[in-house]
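Summary of the model geometry
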Amino acid sequence: MAQWLHMTRILQCLSHETVNSTSPSRIPSQESQAQALLDQTISMLQLVAEQNDNVVDKMKLIQISRNMAIFQQQPLQFAVMVRDILRKERALINAVKHSFSSNTNTQDVDHLVLKVLEVQKIRKEMHQLQEDLNWEKQNYESLQGSFQHNGLDAANTEIQRLQKRIQQLEFNVNTMSTQRFQLLKECVDCLDHCQTQLISRLKAWRLEQHKSAIGLPFDENLNPLQTWCEQLLGMNGNLRQELMLIGERILDLQERLEHLMQTLIESALIVDKQPPQVIKTQSKFSTTVRYLLGEKVAPGKPVVLKAQIVNELQARNLANVTGESVAELINNSAILEHNAASKSTCATFRNMSIKKIRRADRKGTESVTEEKFALLFSAEITITGCDTPYKIQMISQPLVVIVHGCQDNNALATIIWDSAFSEPDRVPFVVPERVPWRMMYNTLNCKFISEVQTQHNLDQFNQHFLAQKIFNKPDFADDFSNMMVSWSQFNKEVLPGRTFTFWQWFEGVMELTKKHLRTYWSEGLIFGFIGKQHLHLILKDRPNGTFMLRFSDSEIGGITIAYVSATENGGQKIQNIQPFTKRDLDIRSLGDRIRDINEITYLYPDLPKHDVFKKFYSEPPAPSGGGYIPVSLQTKDTSLSVSPTNSLANVGVLISRNSNYTM
């Protein structure tokens with residue numbers, strides 16, 4: 001058992017990292033864990049084989065344990081294989097859970113349909129019994145008149161038979177009437193249960209849509225929910241019809257069905273395509289609203305949806321929102337239109353624009369980029385089979401309105417915090433002021449891999465450095481997981497010794513990686529987020545020329561090369577080349593810059609740089625016409641000529657001529 005628990009811990013540790021057998025910067029930290037996992041697995045197989053009484057199974061297990069020896073030279077390959085198997089297993093389990101939930105909902109609706117069919121069947125049988133009863137009563141009255149006139153014994157016998165027949169029919173009708181009422185009550189209860197599940201699933205869909213802003217997976221397909229809505233509305237109509245056919249008012253059930261129908265009709269309006277969550281005034285944007293009961297809308301008068309901007313206070317009391325908007329919204333109406341091909345009914349707001357915004361009084365140090373608004377969509381709709389129209393409305397996800405592009409970064413921080421840490425069924429738009437670091441890190445990781453479009457996660461080293469940075473604890477070596485990080489630490493307070501916040505710095509790294517470094521990062525060639533102390537520890541005692549790629553700690557959106565170089569007295573020092581920014585990499589790629597710098601030779605731990613980065617090198621420029629000598633840009637480390645003790649190496653860009661061509 002202890003051995004199994006140890007294996008489990010190793011697997012958990014590896015599963016939290018992106019294990020990559022070709023990732024040189026991760027080998028030392030992961031290889032020992034991978035080797036331990038391999039040894040423990042082989043040992044476990046041998047133990048199970050020894051305890052197995054089945055000779056055939058025992059031989060198979062022994063053979064498998066021997067075959068696994070092929071991984072001894074490259075244990076990371078074994079770890080990658082195990083990781084991939086676990087990921088597939090997790091995906092299958094999640095798929096089964098989702099399928100089970102969907103099947104349960106489908107089974108509940110199917111159960112409701114069968115119950116409604118049973119009510120209809122009883123009603124038809126009761127109708128037939130009532131007709132038989134009416135016929136027998138007519139015969140009874142006719143025979144009774146004949147008996148009084150003639151006094152025949154035969155007539156008296158027939159009257160007695162009819163009396164018994166009538167009594168039996170009346171008993172059957174009353175019994176079925178009681179059964180019918182009880183079944184109707186069960187149907188309404190079942191409909192209530194199914195609709196509660198549907199409303200819960202619609203809320204979950206909206207929450208998943210909200211969380212997708214930080215990169216969490218989201219299934220935007222609304223068709224199953226639309227089918228569910230249509231089925232429940234149909235069942236509601238059938239049950240209301242059955243109640244009307246009873247001939248007497250059953251107020252309790254009728255009122256419940258009316259309430260359920262109203263709730264369903266009002267809940268079927270969904271913001272299918274959310275507006276941008278950061279909107280600049282005077283700029284165009286679009287959004288799409290979908291009505292899941294579109295096919296049930298009464299024909300004739302078109303349904304016009306109107307949109308208005310509401311602030312946080314108004315969002316908390318939507319029932320009392322008047323026509324007065326806190327913003328002037330251009331192109332704020334759209335017609336609900338049915339698409340027969342997709343079977344969807346949508347209103348698409350195109351070319352919307354916020355002309356001007358009226359802001360609330362700000363609290364304390366709150367900035368304009370922390371103020372949240374939302375779009376409120378409303379309409380009056382009539383459903384086929386319903387006499388009165390219903391007022392429906394739905395609110396969008398929170399959004400921030402800005403007036404200048406320089407506010408975009410801070411506004412996005414507000415949206416990230418709201419999307420990541422808001423609770424279901426919250427009071428709009430309340431979010432916690434502090435959250436545990438583990439939640440903050442998971443958010444940063446999700447956003448990073450989503451924005452960069454990579455499968456390569458931030459690892460435990462990155463996580464620890466990010467925590468050290470946001471908490472300003474560069475020497476803290478313990479676990480940060482349960483430490484509370486505040487909104488101010490995330491994006492209000494500037495980092496010590498810097499002019500920018502943590503989020504501004506992190507977002508700059510994401511942008512740089514997305515635009516210039518995606519492939520380098522995905523292949524594990526960039527160590528990424530690491531402090532200088534940890535860096536010196538890793539590169540200590542490595543051969544001169546050994547280098548690592550890390551994100552700049554001092555500059556927004558920069559990547560630097562740290563490498564081991566010799567000192568004048570024969571010792572070693574760590575040089576950090578001046579960071580390359582987006583502008584630098586627009587001019588010359590990272591691969592070409594690495595090729596240019598002769599002082600760096602081996603990517604940590606010991607991979608020749610030309611073997612690793614060759615595929616990123618640009619082809620030399622082709623000779624141009626007109627007899628001109630072609631030129632090219634090259635990167636050069638000028639630190640040795642400037643100052644042999646400088647720890648931040650300067651980089652110069654040289655223009656070199658190709659002497660193979662003459663004027």
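Named according to an unreviewed UniProt entry, the protein chain is Signal transducer and activator of transcription originating from Salarias fasciatus. Looking at the protein chain in UniProt, the text filed under Sequence similarities (unreviewed entry) is "Belongs to the transcription factor STAT family."

Turning our attention to the sheet that holds strand S10 (residues 390–395). Strand order in the open sheet formed by 4 strands is S6-S4-S9-S10, with antiparallel pairing between adjacent strands. Only two strands of the sheet have a single neighbouring strand rather than two, namely strand S6 (333–335) and S10. Shown here is a sheet whose adjacent strand axes are inclined to one another by a mean of 25°, direction ignored. Looking at chain direction, strand S4 (residues 304–311) and strand S9 (residues 373–381) are connected through 6 bridges and run antiparallel. Bridge assignment links Lys306 to a residue of S9, and that residue is Ser378. Taken strand by strand, helix H7 (residues 251–267) contacts S9 and S10, and its axis lies near 45° from that of S10.

This brings us to the layout of surface pockets. In this model, the second largest pocket occupies a volume close to 930 Å³. Considering the residues around the second largest pocket, the lining is formed by 31 residues, among which Lys203, Arg206, Met394, Ile395 and Asp425 are closest to the centre. Those elements that place two or more of their residues in the lining of the second largest pocket are helix H5 (153–211), H7, strand S1 (269–273) and S10. In the lining of the second largest pocket, the residues fall into 15 nonpolar, 9 polar and 7 charged. Counting residues domain by domain, the lining of the second largest pocket receives three or more from each of domain 2 (104–148 + 155–261) and domain 3 (268–431).

The subject of this paragraph is the packing of helix H11 (residues 460–471) against helix H13 (residues 502–522). The interhelical angle for the contact between H11 and H13, taken along N-to-C directions, is 155°, at an axis separation of 12 Å. Between H11 and H13, the crossing angle belongs to the class labelled roughly antiparallel. When the axes of H11 and H13 are compared, the crossing they make is right-handed. Contacts between H11 and H13 involve Asn462, Phe465, Leu466, Lys469 and Ile470 from the first element and Phe502, Trp505, Phe506 and Trp521 from the second.

Attention now goes to the environment of Ala213. Mapping Ala213 onto the fold places it in the loop between H5 and helix H6 (223–246). Between the alpha carbons of Ala213 and Ser419 there is a distance of 6.4 Å; along the sequence they are 206 residues apart. Ignoring any residue separated from it by four or fewer positions in sequence, one finds Ala213 in contact with Gln277, Ile416, Ser419 and Lys447.

The two faces of a sheet get side chains in turn, since along a regular strand they alternate between them. With 6 of 8 residues buried, S4 lies mostly within the body of the structure. Two strands pair when backbone bridges link them, and S4 and S6 are joined in this way by 3 bridges, in the antiparallel orientation. Each bridged residue has a counterpart across the sheet, and for Val304 the counterpart in S6 is Ile335.

Opposite charge on two side chains permits pairing when their charged atoms draw close. Under the criterion given, the structure shown has 25 salt bridges. Residues Lys185 and Asp189 are paired through a salt bridge, measuring 3.5 Å at the closest nitrogen-oxygen approach. Pair noted here: Lys185 and Asp189 are both in helix H5, with a separation of 4 residues, about one helical turn. The closest approach of N and O atoms between Glu208 and Arg201, which form a salt bridge, is 3.7 Å. Sharing partners across several salt bridges, the network here consists of Lys447, Glu451, Glu511, Lys514 and Lys515.

Criteria and thresholds
Residues numbered from 1 in each chain as written. Predicted model: local features only at pLDDT ≥ 70, side-chain atom pairs only at ≥ 80, totals over all residues. Heavy atoms only, no water. UniProt positions renumbered as here; feature names shortened; annotations may be inferred. Pairing = 2+ DSSP bridges. Helix = DSSP H or I, 4+ residues; strand = E, 2+ residues; numbered from the N terminus. Axes fitted to C-alpha atoms, helices over the stretch in contact; angles between N-to-C directions. Contact = heavy atoms within 4.5 Å. 1 Å grid on protein atoms, 1.4 Å probe; cavity = no way out; pocket = protein on both sides within 12 Å on 5 of 7 lines; lining within 4 Å. Points joined across faces, edges and corners; volume = space filled by probe spheres on them. Nonpolar A, V, L, I, M, F, W, Y, C, P; charged D, E, K, R; others polar. Domains from an automatic or database assignment. Parallel < 35°, antiparallel > 145°, perpendicular 65-115°, else oblique. Left-handed = near helix turned anticlockwise from the far one by under 90°. Buried < 20%, exposed > 50% of the residue type's maximum accessible area, 1.4 Å probe, protein only. Salt bridge = Lys/Arg side-chain N within 4 Å of Asp/Glu carboxyl O.

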